[in-house]
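# Tertiary structure, described
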Amino acid sequence: MSEDEVRGLLDDVRAGRLSRREFVQAMVALGLTAPLASQLLAGAGMAQTPARPASAPTKRGGGGALRALSWDAPSLLNPILALGLKDWNACAIFYEPLVYFDPSGNLAPVLAQEVPSLQNGGLAKDGMSVTWKLKHGVSWHDGKPFTAHDVVFTWEYTADPATGSPAVGVYKNVKQVEALDPHTVKVSFTQPTPFWTVTGFIMPRHIFEPYKGAKSREAPNNLKPVGTGPYRFVDFKPGDLVKGELNPNYHVTNRPFFDSVEVKGGGDAVSAARAVLQTGEYDYASEVGGVEDDVLQRLEQGGKGRVAIGFGGRITHVQLNQTDPWTEVDGERSSVKTVHPFLTDPAVRGALAVLVDRASIQEQILGRLGQSTGNFLNAPERFRSRNIRWEFSIDKANQLLDAGGWKRGADGVRVRDGKRLKMLFTTATNALSQKMQAVIKQAAAKAGIEMELKTVAVTSFYSSDPANPDTYTHFYSDLQLATYVMGPPDPALLMRVFISDAVATRENKWQRFNVWRWRNEEYDRLYKAAETEMDPVKRAALFIRMNDLVVQSGIVVPIVLRAKAAAMSTRLRGIEHNVYEVDFWNLAFWSREA
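Presented here is a report on the structure given in the accompanying data block. Keep in mind that this is a model prediction, so the values were computed, not measured. Residues take numbers from 1 onward in each chain, read along the sequence in its written order. Given that this is a predicted model, residues contribute local features only at a pLDDT of at least 70 and side-chain atom pairs are listed and counted only at 80 or more, while totals for whole chains, interfaces and linings are drawn from all residues. Water and hydrogen atoms play no part in the side-chain values, which are based on all heavy atoms of the structure.

### A word on the overall build of the protein chain
- Numbering goes from the N terminus for both helices and strands, where a helix is a DSSP run of H or I of at least four residues and a strand is a run of E of at least two. Within the protein chain, the secondary structure is distributed over 16 helices and 21 strands.
- The reference for a compact globule is 2.2 Å times residues^0.38; the radius of gyration itself is calculated from the C-alpha atoms. In terms of C-alpha radius of gyration, the protein chain reaches 24 Å, essentially the compact-globule figure of 25 Å for 594 residues.
- In terms of overall dimensions, the protein chain has C-alpha extents of about 75 × 55 × 55 Å along its principal axes.
- For the exposure calls, accessible area comes from a 1.4 Å probe over protein chains only, and a residue counts as buried if that area is under 20% of its type's maximum, exposed if over 50%, partly exposed in between. Evaluated residue by residue, the protein chain yields a buried proportion of 58% over its 594 residues.
- Here, residues are in contact when the closest pair of their heavy atoms is within 4.5 Å. Considering only residue pairs separated by 6 or more positions, the protein chain has 69% of its internal contacts joining residues 24 or more positions apart.
- As presented, the protein chain carries roughly 23400 Å² of accessible surface, and 50% of it is formed by carbon and sulfur atoms.
- Each charge class in the protein chain was averaged separately, 69 positive and 65 negative side chains, and the resulting centres sit 1 Å apart. Only the protein chains shown count as cover for residues, and all accessible areas are computed by the Shrake-Rupley method using a 1.4 Å probe. When charges are counted, Lys and Arg contribute as positive and Asp and Glu as negative, whereas His and the chain ends are disregarded. Note on charges: their place is set at NZ of Lys, CZ of Arg, CG of Asp or CD of Glu.

Written out as structure tokens, the structure reads:
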């Protein structure tokens, strides 16, 4: 499409002949991202005003207590060191980023004055830098002013390898972050960078600077956050309770509405959903997608609450360890210096790929909370591969193993060169995940593969504690069933989990996401090319090739695209269910009907 044709479409939007949504859809069809399409509208003077409740509060406070449940209880309140949603959700009560992605995939300013664009001069045309204008009048909870130096420090703190942050890779191509003045920050890249939204939650320099690097885990404020968010810290009992009180100096007028917020942890997803939907004891419960859909539908019939469901890039999959979890080398199991005794065999990997009954899992276990897929990367739509075909066939699995020389023993379990096809299969304790495990185990047994099932408490499985051997990043088993969250509507962060530089090891405190310990030069080349490819169509093609490579390699078996689901009171207002962000991304705008 030519520039004149694009301008013609913009004129149609301005005249009301074409909706904003139709314009964005047309641009996405051409390979442009939704945020960039929105920036075209903004540059033409048609920026979207965020939808807010018609009965928005007219004063700060007065809303009483907001009571929320996070059955997967947070254990850490430092977002730079956190590894999972449970901690990031809790951190969002206190900390804020420069921008969030809204439910439509558009960037919405928080600590930034505006979203950088070519039109306002924030984005360099060559993709080599982005300049952020920061909001004035923002202060930390202790009264210190928020400035550009805090943004610079957040980069220094996160990018320091000694800090041990799992987000270190986000800044891999950042050359420099500099404060041009107290409210202007320039981020310079080492190469053209199409995904330039590299900043996450901003941390206070004056609080964490003494703990940058190797002392990061010693900071008292890892458990006592000092942020810029709508609520100030009151109390935190790891694995149990988080409390915050209204921030009287919050930088948004008449916000927040609630006088306090309490997030109760523990229990399970079913009891959390029931406490909102049936008894009305709580206002909100995050991550109830682990509850059977028929149970949720029955609970909704009480009329006290509803379940919000949305699909983004959450992918539930089986991980195949490429290292040996049973051999210790230099004090480390699943070391990159070892090779798995049979999961590197194409016959075994091929058999496991066809032993997952996705249709049954989707229809009988997940219902409206899942969508069967053979792709690891599923969203946005332009990045979804049409090349992958999945099937469920016990006969084919048997044929592959027979051809690979795996013979059935007297007990029916296959053996080759003295090695039995016996696997330890781990997942987080969750009814749906455990049912999926059972389905896979049953099919595997018919192919001569023995599986021992293990479950680990969610708080341990997704923990960032380097001393906990049961975390998914340690991967001390043969197989794992896990769900990865895509986050922003761009695949750069999700697909980074497969690059060689992201291998989880003792040296980096198991704070990286390549838990397979898979290293592939072709994949690394593709990812490196995508990092600098400014043509959106070519960039999408690169990510599709990456998806095909990891799926066809057999190191991962995608099962279902999972819904992000939350239970909420029918009285709550202002919540915008957002598959791209944490639950509390717009907590400042929540209110409750009288």
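### Comments concerning the nonpolar core
- Core analysis: the biggest nonpolar cluster contains 128 residues, and Trp132, Phe376, Tyr484, Met495, Phe498 and Tyr523 have the highest contact counts within it.
- Among the elements that make up this core, the one with the highest residue count is helix α16 (residues 536–553) (7 residues).
- Setting aside anything within four residues of it in sequence, one finds Phe376 in contact with Ile315, His317, Tyr484, Leu494, Met495, Val497, Phe498, Asn547, Val551, Val556 and Pro558.
- Ranked by size, the runner-up nonpolar core spans 33 residues in total, among them Ala397, Met451, Leu479 and Val557. Side-chain atoms within 4.5 Å link the members of a nonpolar core, which is a set of buried Ala, Val, Leu, Ile, Met, Phe, Trp, Tyr and Cys residues.

### Description of the packing of helix α9 (residues 346–353) against helix α11 (residues 394–403)
- At their nearest, the axes of α9 and α11 sit 8 Å apart, and the two run at 175° to each other. Relative to α11, the element α9 lies roughly antiparallel. Of the residues in α11, those in contact with Ala347, Val348, Gly350 and Ala351 of α9 are Ala397, Leu400 and Leu401.
- Among the residues forming the contact of α9 with α11, the class breakdown is 6 nonpolar, 1 polar and no charged. Axis geometry follows a simple rule: fit a line to the C-alpha atoms, using only the stretch in contact for helices, then measure angles between N-to-C directions, giving values from 0 to 180 degrees. When describing relative orientation, an angle under 35 degrees is termed roughly parallel and one over 145 degrees roughly antiparallel, while 65 to 115 degrees is termed roughly perpendicular and anything else oblique. In this classification, the charged set is Asp, Glu, Lys and Arg, the nonpolar set is Ala, Val, Leu, Ile, Met, Phe, Trp, Tyr, Cys and Pro, and all remaining amino acids, among them Gly, are polar.

### Describing the environment of Val413
- Tracing the backbone shows Val413 in the loop between β13 (407–408) and β14 (414–416).
- The sequence separation of Val413 and Lys446 amounts to 33 residues, and the corresponding C-alpha distance is 9.4 Å.
- Apart from residues lying up to four places away in sequence, Val413 is in contact with Lys407, Arg408, Arg420, Leu421, Gly448 and Glu450.

### Things to note about the packing of helix α10 (residues 358–366) against helix α12 (residues 431–445)
- Contact pair α10 / α12: the axes reach a minimum separation of 11 Å and the direction vectors enclose 145°. The handedness of the crossing between α10 and α12 is right-handed. For the pair α10 and α12, contact is made by Ile361, Ile365 and Leu366 and by Leu432, Lys435, Met436 and Val439, respectively.
- A per-class count over the contact of α10 with α12 returns 6 nonpolar, no polar and 1 charged. If you view the pair so one helix is near and one far, a crossing is left-handed when the near helix is turned anticlockwise from the far one by less than a right angle, and right-handed when it is turned clockwise.

### Here's the deal with the pattern of salt bridges
- For this document, the term salt bridge refers to a Lys or Arg side-chain nitrogen within 4 Å of an Asp or Glu carboxyl oxygen. Within the structure shown, the criterion is met by 26 salt bridges.
- Asp87 is the salt-bridge partner of Lys86, the closest N and O atoms lying 3.3 Å from each other.
- The class of Lys86 is buried, set by a relative accessible area of 3%.
- For Asp87, a relative accessible area of 0% corresponds to the buried category.

### Points about α11
- Here α11 has its buried residues at Ile394, Ala397, Asn398 and Leu401. The buried residues of α11 occupy an angular sector of 100° when the element is viewed end-on, so they sit on one face. Facing away from the buried side of α11 by over 90 degrees, the exposed positions are Asp395, Gln399 and Ala403.
- Buried positions along α11 lie against α9, β13, β14 and α12.
- One or two residues past the end of α11 sits Gly405, with phi positive at roughly 85°. Within this analysis, the arc is defined by the directions that extend from the helix axis to the C-beta atoms.

### So, the packing of aromatic side chains
- Think of it this way: a Phe, Tyr or Trp ring, Trp meaning its six-membered ring, pairs with another when their centres are within 6.5 Å, and the plane angle makes it stacked under 30 degrees, edge-to-face over 60, tilted otherwise. For the coordinates displayed, the defined rule picks out 24 aromatic pairs.
- Geometrically, the ring pair formed by Tyr284 and Phe584 is tilted, given 6.0 Å between the ring centres and 45° between the ring planes. With Tyr284 in strand β10 (residues 284–285) and Phe584 in the loop between β20 (572–573) and β21 (591–592), this residue pair connects regions lying 300 residues apart in the sequence. In terms of burial, Tyr284 and Phe584 fall into one category: buried.
- Measuring from ring centre to ring centre gives 5.0 Å for Phe376 and Phe498, while their planes differ by 75°; the resulting arrangement is edge-to-face. You can see Phe376 sitting in the loop between β12 (370–372) and α11 and its partner Phe498 sitting in the loop between α14 (492–495) and α15 (521–532), a full 122 residues away along the chain. Of the two residues examined, Phe376 and Phe498, each falls in the buried class.
- An aromatic cluster is present here, built from Phe376, Phe461, Tyr462, Tyr472, Tyr484, Phe498, Trp516, Trp518 and Tyr523 joined pairwise through their rings.

### Regarding the side chain of Ser334
- Within the secondary structure layout, Ser334 lies in the loop between β11 (305–320) and α9.
- Counting of polar contacts relies on pairs of N or O atoms within 3.5 Å, with two restrictions inside protein: one atom must be capable of donating a hydrogen and the other of accepting it, and residues adjacent in sequence are counted only when both atoms are side-chain atoms. A distance of 2.7 Å separates a polar atom in the side chain of Ser334 from the backbone oxygen of Phe475.
- With sequence-adjacent residues up to four places away left out, Ser334 is seen in contact with Asn321, Thr323, Asp324, Pro325, Thr327, His474, Phe475, Tyr476 and Arg517.

### A word on the sheet that holds strand β5 (residues 174–181)
- When DSSP finds at least two bridges between two strands, those strands are taken to pair. A sheet is described by the order of its strands in space; here 3 strands give the open sequence β4-β6-β5, paired in antiparallel fashion. Each having just a single partner strand, β4 (129–133) and β5 make up the two edges of the open sheet. Strand-to-strand, the axes of this sheet are offset by a mean angle of 15°, without reference to chain direction.
- Pairing geometry for β5 and strand β6 (residues 184–189), over 6 bridges, is antiparallel. Bridge pairing in β6 places Glu178 opposite Lys186.
- In this fold helix α5 (residues 148–159) packs onto β5 and β6, with an angle of close to 165° to the strand it touches most, β5.

### Some thoughts on the sheet that holds β14
- If you walk across this open sheet you meet the 3 strands as β13-β14-β15, and the pairing is antiparallel. The open sheet has two edge strands, β13 and β15 (419–420), and neither has a second partner.
- Bridging between β13 and β14 involves 2 bridges; their strand directions are antiparallel. Note that in β14 the partner of Arg408 across the bridge is Arg414.

### With respect to the pairing of strand β19 (residues 556–569)
- Most of β19 is tucked away: 14 of the 14 residues are buried.
- By the bridge criterion, 2 bridges tie β10 to β19 in an arrangement that is antiparallel. Opposite Tyr284, over in β19, you have Met568 as the bridge partner.
- Where β11 lies against β19, 12 bridges are found, and the strand directions are antiparallel. Its bridge partner lying in β19, Arg306 is registered against Met568.
- Examined bridge by bridge, β12 and β19 share 3 bridges and lie antiparallel to one another. What sits directly across from Ser372, in β19, is Val560.

Note that all results are geometric; they support no functional claim without further evidence.
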